[in-house]
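Coordinate analysis (summary)
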Amino acid sequence: YTCIVAESSEFAVRANLVPILLEDWETRDLFEARRMIECNLVTLAVIKASPGDINDLIRINDKLKSENLSVQEYWDYDNQFHKRIAKAASNPVMQTVSEIIFSMYSRYESKVKELHNVQAKTYEEHKAIIEAIAEKNVELALKIVNRSLSGSEHALYELKENKEK
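Residues numbered from 1 in each chain as written. Predicted model: local features only at pLDDT ≥ 70, side-chain atom pairs only at ≥ 80, totals over all residues. Heavy atoms only, no water.

A short note on the overall build of the protein chain
Quick note on the threshold: Under the DSSP-based scheme used, a helix requires at least four consecutive residues in state H or I and a strand at least two consecutive residues in state E, with every element numbered from the N terminus. Note on exposure labels: buried denotes an accessible area under 20% of the residue type's maximum, exposed denotes more than 50%, and partly exposed covers the range between, all computed with a 1.4 Å probe on protein chains only. Every residue pair with non-hydrogen atoms within 4.5 Å of one another is taken to be in contact. Residue-level accessible areas treat just the shown protein chains as cover; the underlying method is Shrake-Rupley with a 1.4 Å probe.
In terms of regular secondary structure, the protein chain is built from nine helices and zero strands. Going from the N terminus to the C terminus, the protein chain shows its helices and strands as α-α-α-α-α-α-α-α-α. Expressed as a percentage of its 165 residues, the buried residues of the protein chain come to 39%. Considering only contacts within the protein chain whose residues lie at least 6 apart along the sequence, 83% involve residues at least 24 apart. Of the accessible surface of the protein chain, which amounts to about 9,800 Å², a share of 52% is contributed by carbon and sulfur atoms.

See below:
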């Protein structure tokens, strides 16, 4: 029997999830979890986002249009965007869970940096999500998130297959 004493509730949640972080998991499993978390986050963001939240999302997404954007900047701005949606959802528990999922996804950072087709679509995908949030259109936001995640997952599998050849 182990008792963990945490300085904050955020740490306690993360401490309880350490076994998940230590186990081996597959791309498919991570994308299933991302889909569940991000769909719920975008639903909450549609319901709860303030005009300030929407302006922040626009500001972050506009950074993706920068000329000569490095792959590291792409990765950083994309993560900022997803974290800002989580914040707009106004649910600290979901935000913490999403941070854990994002940290697990960082395992794929070097591969994502090679997905130029996905990167080329990211600005427009994010813009469409922002518009759906602003319009309070849950159905459209969910459709875009699912399409975006499916595209990223498929591209990672293709990259893996091409490297194995």
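Looking at the side chain of His 82
Mapped onto the fold, His 82 is located in helix H5 (residues 71–88). For His 82, the residues in contact, after removing those within four places along its chain, are Arg 34, Glu 38, Phe 102 and His 126.

Details of helix H3 (residues 27–48)
We count it as follows: In this scheme, a helix's expected span is set at 1.5 Å multiplied by one less than its residue total.
Between its first and last C-alpha, H3 extends 31 Å over 22 residues, near the 32 Å set by a 1.5 Å rise per residue. Among the residues of H3, Thr 27, Leu 30, Phe 31, Arg 34, Ile 37, Glu 38, Cys 39, Leu 41, Val 42, Leu 44, Ala 45 and Val 46 are the ones counted as buried.

Description of the packing of H3 against helix H6 (residues 92–105)
Short version of the rule: To define axes, lines are fitted to C-alpha atoms, for helices over the stretch in contact only, and angles between the resulting N-to-C directions are given on a 0 to 180 degree scale. Each crossing gets its handedness from the near helix: less than a right angle anticlockwise from the far helix is left-handed, clockwise is right-handed. Residue polarity follows a fixed list, in which Ala, Val, Leu, Ile, Met, Phe, Trp, Tyr, Cys and Pro are nonpolar, Asp, Glu, Lys and Arg are charged, and the others, Gly among them, are polar.
Direction vectors running N to C along H3 and H6 enclose 145°, while the axes themselves pass 10 Å from each other. In this structure, the crossing between H3 and H6 has a hand that is left-handed. Contact with H3, carried on its side by Leu 30, Phe 31, Ala 33, Arg 34, Ile 37, Glu 38, Asn 40, Leu 41 and Leu 44, involves Met 94, Val 97, Ser 98, Ile 101, Phe 102, Met 104 and Tyr 105 of H6 and no other residues of that element. Of the residues in the contact of H3 with H6, the class split is 12 nonpolar, two polar and two charged.

Considering the pattern of salt bridges
Rules: We count a salt bridge whenever a side-chain nitrogen from Lys or Arg sits within 4 Å of a carboxyl oxygen from Asp or Glu.
Tallied over the full model, the rule gives seven salt bridges. Residues Arg 34 and Glu 38 are paired through a salt bridge, measuring 2.7 Å at the closest nitrogen-oxygen approach. Taken together, the positions of Arg 34 and Glu 38, both in helix H3 and four residues apart, correspond to about one turn of that helix. Like Glu 38, Arg 34 is buried. Between Arg 35 and Glu 153 there is a salt bridge; the shortest N-O distance is 3.6 Å. Here the residue Arg 35 occupies a position in helix H3, and Glu 153 occupies one in helix H9 (residues 138–164), the gap between them amounting to 118 residues. Linked by salt bridges that have partners in common, Asp 53, Asp 56, Arg 59 and Arg 84 make up one network.

Notes on the environment of Leu 69
Note on placement: Leu 69 falls in the loop between helix H4 (51–62) and H5. Setting aside its immediate chain neighbours within four residues, Leu 69 contacts Lys 63, Leu 64, Tyr 74 and Tyr 77.

Some remarks on the nonpolar core
Note the threshold: Definition of nonpolar core: a set of buried residues of the types Ala, Val, Leu, Ile, Met, Phe, Trp, Tyr and Cys, connected through side-chain atoms within 4.5 Å.
Among the nonpolar cores identified, the biggest contains 43 residues, and Leu 41, Phe 81, Ile 85, Tyr 105, Ile 129 and Ile 133 are the most heavily contacted of them. Broken down by secondary-structure element, the contributors of at least two residues to this core are H3, H4, H5, H6, helix H8 (116–134) and H9. Broken down by element, the residue count for this core peaks at nine residues, all from H3. Every residue in contact with Phe 81, bar those within four places of it in the chain, is listed here: Leu 57, Ile 60, Asn 61, His 126, Ile 129 and Ile 130.

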